[in-house]
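# What the coordinates show
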Amino acid sequence: MAIQNKTLFDKLVELGGNLWWSWQPEVTQIFRDLDPDLWTEVGHNPLRLVRSLGPDRVERLSVEEGLSTRINWAYRRWREYLESANTWGATHAGVLGQRPTAYFSAEFGIHESLPIYSGGLGVLAGDHLKSASDLGVPLVACGLFYSQGYFHQALDETGWQKEEYPDLNPADLPLVPAVDRTGNTVLIQVDTRHGPIFARVWRVAVGRIPLFLLDANVTQNSEEDRRLTSRLYGGDQRTRIRQEILLGIGGLRALAAVGILPGVIHMNEGHSAFAGLEAIRQRMHDDAQSFDAARKEVASSSVFTTHTPVPAGHDRFGDDLMQEHLGPLADQLGLSHDALMGLGRVDPNNRDETFCMTVLALKLSLRANGVSSLHGVVSRRMWASLWPWSGEDEIPIGHITNGVHVSSWLAGQMRTLYDRVLPFDWHLRSGEPEVWAPLEHLTPGELWETHQSLKNRLIDYVRRRLQKQARRADATEDQLRALSQVLDPHALTIGFARRFALYKRADLIFRDLEELGRIVRNQERPVQFIFAGKSHPADNPGKQILQRVFQITREEPFRGRVVFIDDYDINLARHLVQGVDVWLNNPRRPLEASGTSGQKVVLNGVLNLSVLDGWWAEAFDGSNGFAIGTGRTHVDQSVQDARDAESLMQVLRDQVVPLFFERDHDDLPQRWILRMKRAVRTLGWRFNADRMVMDYVREMYVPAAGGVSCVMSR
Ligand SMILES: *Cc1c(COP(=O)(O)O)cnc(C)c1O
């Protein structure tokens, strides 16, 4: 169909069918403007929105709301985006042109309407795809389709987390069945000792990047296996290993089935490490190679990124599960059970060691990295025993620090402001430091006004969310009215939102309630907190911390000044990182490998108040935010916690609060605004996903594909 013959409805359906729209604030705004209430009701899902309106109402509303020009413009821009050949990737990643990088991840956080992520790892993977798309890097991605997603969080009246698992309907989502070269839909099979597991394959368009999601909900499977991929990180070890053979082995087979032969395999975390074994099998089969020769080639073209020093983050499987699920593949590889197990053991001969996915990934990839400079050091130390003959400096694990995707996290209003002072093509060059330098020229008043308007928007949003929560709990009219008054637009507003994993210490600020009460209730210089985050369903200690935070929100003097918003997701994250004044991050060093939420706030001129861990350890320069502690650690965890809590309180009381409330005759906090500018200017280019993906291309993908080698940063 020629473009000029397409109706506005057709164009909107096409736009909604490629997740590109989700990082174009102007296009998102078109969907919202069509019908704001319906937009909320359908969970920000444009396909559901447009289809439930139907062609006639879409045409009528477009005319009534004056949207036609904007729709045509958005559609044209999208076509141009897809067709443009003149990209960074075309000049820097040419070697990947015929054989792209295949990026494997157990979760992808692209947009709240496709809830197949649990936290930072998924959002990072989503941001990776978006930047790879923007930069034109030849990359395809593999994951799983979780038909119940992660979970929706609700809290009971005591603040105990309840999980809800509504079913997603694939027909409502931008998923199309993947087809092979002859046009048949793809069905993947992975054998176990107890019979095959099947999966269908969905194709999701993320800009220029195809993302393939395997889904076990097919009639060929047993009832039990049909539910295999229903939940992310759900079920027991057996579920986990079955999901992981689908992800790694099935994922690579899915690519082969649609005719994609990757030149590089990138395992984002160890969940997908079985892909390496399948790649070896394919080489042995196709090229009649020996196991050793194939293994060497696979390792030289594979990249592994490790994401956490926390032991629970590294999957381990025992003999029985391995025998049942990898036995058939091991047979094809000509490996005995013990030889197979050895690939997942630090000491292949130590039969007491279980099979570790991280060990497998490290053994099957020549290039590996941690996700911040400090995490690189920690990972080299953690896995040194795999290279017993090497000194710590020679351990082949480098680092590429994480970054966040600028247009996904930067508020539209802020971007408009930046557009006025930055080079016109700055969003195409956001990984270059010079590009951000002219931010100095922003006038303090404008920057502050924009920030304040985003903050007001956040406070409105928080009030509405709290009312919605309260309505579900049968609140009275009085209670609902009271909620329309919580939070003070003039108070220093501090945000804390992330998974409630223990090491993140969400309750650290509540160690000294008396002191905190004084800070919060100070008449001239009030401070308030917004909390959000989910705990893993099986993590009872995490849930207890969440409950404690919740209970504090109900107690004096914190009521109305400390709030908890339930069901943390990308949408809530976007509001928070764009609207608070300060972002609090107090993990137990050195357990936060990178952390990325603090990078999202940077883009919006929000200041970090953070422990010197992860990315912040290399980002903080004394004047672009605030540091908790000095980066010292203590062998005794309780000593470290007590020290950090004290430092946090001190920095908050003696530095953050005074600086925020130091106002000139126009009520502008001039020195605070300087710090905001410094943060954006010194950190925005470095901790963004374009820079990150460019680093992966230059330091990992191109050399792994056999291109010119480049030295890994240390
Ligand atoms: C960015 C993000 C995270 C990661 O937060 P950290 O503070 O880096 O752990 C988790 N969840 C969501 C929804 C996010 O957007």
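Counting of residues starts from 1 at the beginning of each chain's written sequence and follows it residue by residue. The predicted nature of this model means local features are confined to residues of pLDDT at least 70 and side-chain atom pairs, given and counted, to a pLDDT of 80 or more, with totals for whole chains, interfaces and linings taken over all residues. To obtain the side-chain values, all non-hydrogen atoms of the structure were used and water was disregarded.

### What about the overall build of the protein?
To keep it simple, the criterion reads: Put simply, DSSP marks the helices as runs of H or I at least four residues long and the strands as runs of E at least two long, and each gets a number from the N terminus on. To get the radius of gyration, use the C-alpha atoms; to get the globule rule, take the number of residues to the power 0.38 and multiply by 2.2 Å. As used throughout, the charge tally considers Lys and Arg to be positive and Asp and Glu to be negative, leaving His and the chain termini uncounted. A single reference atom marks each charge: NZ on Lys, CZ on Arg, CG on Asp, CD on Glu.
A count of helices and strands for the protein gives 28 helices and 20 strands. In terms of overall size, the protein behaves like a compact globule, its C-alpha atoms giving a radius of gyration of 25 Å where 714 residues would be expected to give roughly 27 Å. Taking the principal axes of the C-alpha coordinates as reference, the protein spans close to 80 × 70 × 55 Å. Between the mean site of the 80 positive side-chain charges and the mean site of the 89 negative ones, the protein shows a separation of 1 Å.

### Section: the sheet that holds strand S17 (residues 562-565)
Here is the rule we go by: Two strands are counted as paired when DSSP detects at least two bridges linking them. Angles here are taken between N-to-C directions and fall from 0 to 180 degrees, while the axes themselves are lines fitted to C-alpha atoms, restricted in helices to the stretch in contact. Residue contacts are defined here by distance: any two heavy atoms, one from each residue, within 4.5 Å place the two residues in contact.
Taken in spatial order, the six strands of this open sheet run S17-S16-S15-S18-S19-S20, and their pairing is parallel. The outermost strands of the open sheet, each flanked by one partner alone, are S17 and strand S20 (626-628). Geometrically, the sheet is characterised by an average inter-axis angle of 20 degrees between neighbouring strands, direction not taken into account. Bridge count between strand S18 (residues 582-585) and strand S19 (residues 607-611): four bridges; the pairing is parallel. Its bridge partner being in S19, Asn585 is matched across the sheet by Ser610. Contacts from helix H23 (residues 570-579) reach strand S15 (492-497), strand S16 (527-532), S17 and S18, with the element oriented near 160 degrees to S16. Contacts from helix H27 (residues 670-683) reach S15, S18, S19 and S20, with the element oriented near 75 degrees to S19.

### Topic: the pattern of salt bridges
The criterion, for reference: Salt bridges are defined as contacts in which a side-chain nitrogen from Lys or Arg sits within 4 Å of a carboxyl oxygen from Asp or Glu. Throughout this description, buried means an accessible area under 20% of the type-specific maximum (1.4 Å probe, protein chains only), exposed means over 50%, and partly exposed covers the range between.
Counted by the stated rule, this structure contains 43 salt bridges. With a shortest N-O distance of 2.9 Å, Arg193 and Asp331 are connected by a salt bridge. Of this pair, Arg193 sits in the loop between strand S6 (187-192) and strand S7 (195-206) while Asp331 sits in helix H12 (residues 319-333); the two residues are 138 residues apart in sequence, bridging distant segments of the chain. Owing to a relative accessible area of 47%, Asp331 belongs among the partly exposed residues under this scheme. Asp338 is paired through a salt bridge with Arg345; the nearest N and O atoms lie 3.6 Å apart. Since its relative accessible area comes to 26%, Asp338 is described here as partly exposed. Overall, Arg345 belongs to the buried group, its relative accessible area being 1%. Linked by salt bridges that have partners in common, Lys6, Glu14, Arg79 and Glu83 make up one network.

### Here's the deal with the side chain of Glu324
Heads up, the rule is: Whenever two N or O atoms come within 3.5 Å, that pair is a polar contact, provided that in protein one can donate a hydrogen and the other can accept it, and provided that, for residues adjacent in sequence, both atoms are side-chain atoms.
On the secondary structure map, Glu324 appears in helix H12. Of the polar contacts made by the side chain of Glu324, one reaches the side chain of Arg238; its length is 2.6 Å. Leave out the neighbours within four places in its chain, and Glu324 touches Thr192, Arg193, His194, Arg238 and Arg242.

### Quick notes on the pairing of S6
Burial along S6 is one-sided: the face carrying Ile188, Val190 and Thr192 is buried and the face carrying Leu187, Gln189 and Asp191 is not. In the sheet, S6 pairs with S7 via six bridges, with the strands oriented antiparallel. Within S7, the residue paired with Gln189 across the bridge is Phe198. Taking the residues that link successive antiparallel strands as the turn, the S6-S7 hairpin has two residues.

### What about the pairing of strand S8 (residues 209-215)?
Of all seven residues in S8, seven are buried; the element is thus mostly enclosed. Burial of S8 is two-sided: the residues Ile209, Leu211, Leu213 and Asp215 facing one way and the residues Pro210, Phe212 and Leu214 facing the other way are all buried. Where strand S2 (residues 139-144) meets S8, four bridges bridge the pair, whose relative direction is parallel. Across the sheet, residue Gly143 finds its bridge partner in S8, namely Leu213. Counting the residues between successive antiparallel strands, the hairpin from S7 to S8 contains two residues, one of them, Gly207, with a positive phi of roughly 65 degrees.

### A short note on the packing of helix H1 (residues 8-16) against helix H2 (residues 25-34)
This is how it is decided: Every angle not falling under 35 degrees, over 145, or within 65 to 115 is termed oblique; those three ranges are roughly parallel, roughly antiparallel and roughly perpendicular. By convention, the crossing between two helices is left-handed when the near helix turns anticlockwise from the far helix through less than a right angle, and right-handed when the turn is clockwise. Note that Gly is not counted as nonpolar here; it falls among the polar residues with everything else outside the nonpolar set of Ala, Val, Leu, Ile, Met, Phe, Trp, Tyr, Cys and Pro and the charged set of Asp, Glu, Lys and Arg.
One can describe the packing of H1 onto H2 by two numbers: an axis separation of 12 Å at closest approach and a directional angle of 125 degrees. Relative to H2, the element H1 is oriented oblique. Crossing of H1 over H2 shows left-handed handedness. Of the residues in H2, those in contact with Leu12, Leu15 and Gly16 of H1 are Val27, Ile30, Phe31 and Leu34. Taken together, the residues of the contact of H1 with H2 break down into six nonpolar, one polar and no charged.

### What about the site of the ligand?
Defined as follows: We define proximity as follows: a residue is near a molecule or strand when any one of its heavy atoms falls within 4 Å of that partner. A 1.4 Å probe and the Shrake-Rupley method give the accessible areas. Residues count as covered only by the protein chains that appear here.
The ligand sits among 14 residues. The nearest are Arg498, Lys504, Thr596, Ser597 and Lys600. Measuring from an oxygen atom of the ligand, one finds a backbone N or O atom of Thr596 at 2.6 Å. For the ligand, an oxygen atom lies 2.6 Å from a polar atom in the side chain of Lys600. Protein burial of the ligand: of its 390 Å² of free accessible surface, 96% is covered by the chains.

### A word on the side chain of Glu353
Turning to its location among the elements, Glu353 is positioned in the loop between helix H13 (337-342) and strand S12 (355-356). Ignoring any residue separated from it by four or fewer positions in sequence, one finds Glu353 in contact with Gly344, Arg345, Val346 and Asp347.

### Describing helix H28 (residues 689-704)
Heads up, the rule is: Given a residue, its bend is the angle between the two axes fitted to the seven residues that end at it and to the seven that start from it.
Within H28, the axis deviates most sharply at Val697, by approximately 40 degrees. Buried residues dominate H28, accounting for 15 of its 16 residues. The N-cap residue of H28 is Asn688: its side-chain oxygen and the backbone nitrogen of Asp690 are 2.8 Å apart. Positive backbone phi, approximately 95 degrees, marks Gly706, located one or two places after H28.

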